[in-house]
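Each chain is listed here by its residues.
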Amino acid sequence: MLLSAIVDLVATRDPSILPKARGCKRQAIKTHKGSFIMTFKKALLTLSAVACAAAFTSNAMARDLLRVGTEPTFAPFEFLDTKKNEFTGFDIDLIKAVADKAGYDVEIMNMGFDALIPALTGSTIDVIAAGISITPERQKRVDFTTPYYTSGLSYLVRVENADKYPSFESLKGTRIAAQIGTTGAEYARHQIPGTTVSNFNTTSEAFMDLTSRNSVAVVMDRPVLAYFLKTKPRMAKNFKLSKEVAEAQSFGFAVKKGNTELLEKLNAAFAELKANGEFDKIHSKWFAE
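This one's a predicted model, so the numbers in the text were calculated from it and none came from an experiment.

Draft legend 1. Expanded view of the pattern of salt bridges. Under the defined criterion, the tally for this structure stands at 12 salt bridges. One salt bridge connects K285 with D93, and the closest N-O pair in it is separated by 2.9 Å. In this pair, K285 sits in helix 11 (residues 278-286) while D93 sits in helix 3 (residues 90-102), placing the two residues 192 residues apart along the sequence. Relative accessible area serves as the criterion here: at 55%, K285 is assigned to the exposed category. On the accessibility criterion, D93 (19% relative accessible area) is buried. Sharing partners across several salt bridges, the network here consists of R63, D100 and D105.

Draft legend 2. Layout of the sheet that holds strand 6 (residues 127-128). Ordered in space as 5-1-6-14-7, the five strands form an open sheet in which the pairing is mixed. For this open sheet the edge positions go to strand 5 (104-110) and strand 7 (142-144), each flanked by a neighbour on one side alone. Strand direction decides the pairing type here: strand 1 (residues 64-70) and strand 6, joined by two bridges, are parallel. Within strand 6, the position partnered with G69 by the bridge is I128.

Draft legend 3. Main features of the nonpolar core. Counting residues in each nonpolar core, the largest one holds 46 residues, and the members touching the most others are F90, L94, V127 and Y148. The element best represented in this core is helix 3, accounting for seven residues. Residues within four places of L94 in sequence aside, it is in contact with Y148, F253, F270, L273, F279 and I282.

Draft legend 4. Just the environment of P223, in detail. One can find P223 in helix 8 (residues 222-231). Here the alpha-carbon distance between P223 and L153, two residues 70 residues apart in the chain, equals 8.8 Å.

Draft legend 5. Fine view of the sheet that holds strand 4 (residues 86-88). The three strands lie next to each other as 2-3-4, forming an open sheet whose pairing is antiparallel. Two strands in the sheet have a free side with no partner beyond their single neighbour: strand 2 (73-74) and strand 4. Looking at chain direction, strand 2 and strand 3 (residues 78-81) are connected through two bridges and run antiparallel. Bridging from a neighbouring strand, F74 pairs with E78 of strand 3.

Draft legend 6. Structural detail: unusual backbone geometry. The omega torsion across A75 and P76 is 5°, close enough to zero to call that bond cis. Relative to the helices and strands, P76 resides in the loop between strand 2 and strand 3. With a phi angle near 65°, S123 is a residue other than glycine that sits in the positive phi range. By the secondary structure assignment, S123 is in the loop between helix 4 (116-121) and strand 6. Residue S123 is classed as partly exposed on the basis of its relative accessible area, which comes to 35%. A positive phi angle, close to 65°, is found at R213, a residue other than glycine. Topologically, R213 is positioned in the loop between helix 7 (203-211) and strand 11 (217-221).

Draft legend 7. Focus on the packing of aromatic side chains. In this structure the tally under the stated criterion is 17 aromatic pairs. Here the aromatic rings of F74 and F77 are separated by 5.5 Å at their centres, their planes lie at 25°, and the arrangement is stacked. Residue F77 is classed as buried on the basis of its relative accessible area, which comes to 0%. On the basis of an interplanar angle of 80° and a centroid distance of 5.2 Å, the ring pair of F77 and Y149 is categorised as edge-to-face. Placement of F77 in the loop between strand 2 and strand 3 and of Y149 in strand 8 (residues 149-158) is noted, with a sequence separation of 72 residues between them.

Draft legend 8. Molecular detail of helix 6 (residues 183-191). Within helix 6 the residues assigned to the buried category are T183, G184, A185, Y187 and A188. On its buried side, helix 6 packs onto helix 5 (136-139), strand 8, strand 9 (175-179), strand 10 (196-200), strand 11 and strand 13 (246-251).

Draft legend 9. Main features of the pairing of strand 10. Here five bridges tie strand 9 to strand 10, and the two strands are oriented parallel to one another. Paired with R175 across the two strands is T196, which belongs to strand 10. Once you follow strand 9 into helix 6 and on to strand 10, the crossover reads as right-handed.

Cut-offs and rules
- Residues numbered from 1 in each chain as written.
- Predicted model: local features only at pLDDT ≥ 70, side-chain atom pairs only at ≥ 80, totals over all residues.
- Heavy atoms only, no water.
- Salt bridge = Lys/Arg side-chain N within 4 Å of Asp/Glu carboxyl O.
- Helix = DSSP H or I, 4+ residues; strand = E, 2+ residues; numbered from the N terminus.
- Buried < 20%, exposed > 50% of the residue type's maximum accessible area, 1.4 Å probe, protein only.
- Pairing = 2+ DSSP bridges.
- Core = buried A, V, L, I, M, F, W, Y, C linked by side-chain atoms within 4.5 Å.
- Contact = heavy atoms within 4.5 Å.
- Phe/Tyr/Trp six-rings, centres within 6.5 Å; stacked < 30°, edge-to-face > 60°.
- Right-handed = clockwise from strand over helix to strand, strands pointing away.

This is how it looks when you write it as structure tokens:
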């Protein structure tokens, strides 16, 4: 508004804005008027420069928004902190740090695990951060970043059944609980003969199924099972974690197939976090060595 007023003022050169000069010669008035206009021109140029600089700074500070899809029932990777009413976990901390280093602000979007890849391919989200294993089948549909965590499958059984089920092979012909769309569910279905797999939307529902004795085991990623035992001591005393680890796999963030620009930015940011020690700080916050 101020800049517009000055432009109008200089353009019209309204003599009424000049101080009255009774008794002054006409030439003096003209000189005064010319000096006044020159002063306004200089002020206009200065304000124009300031406005351009402000606009440039504003544009430079503006950051693109990275829409991150997650399924927040996969502690310690992603879950809802009910006290703060916000999503937290290893994946959440890491993707925020990676995005910040890459120059993005982050919006966390909650959805079912089996809806994540369709949301990514449909451009509803930009990245998946959900403890998602890098598998050949998934690599046909999405592109993965550099792996940031290596996991494997294990299982929980009730304490009284620990000796009866010492290995994955011993679980054949039983009823197993798992989370829908996970590698644990796929492994139970295809690698343990004769099993009946009950798929649940959340890990909590799968654990409750084991607690209710509807299933004899819960097959999931080992860190998820270990975190459950650590944070739920009253329930944990009833369960036993298997020693066996099957199909070690790596986790990565997923981006839309062919989005090379975003993939390279995230990988470069992750490499920097690894190099400066920030990744180790985030890792140690959630996992015991």
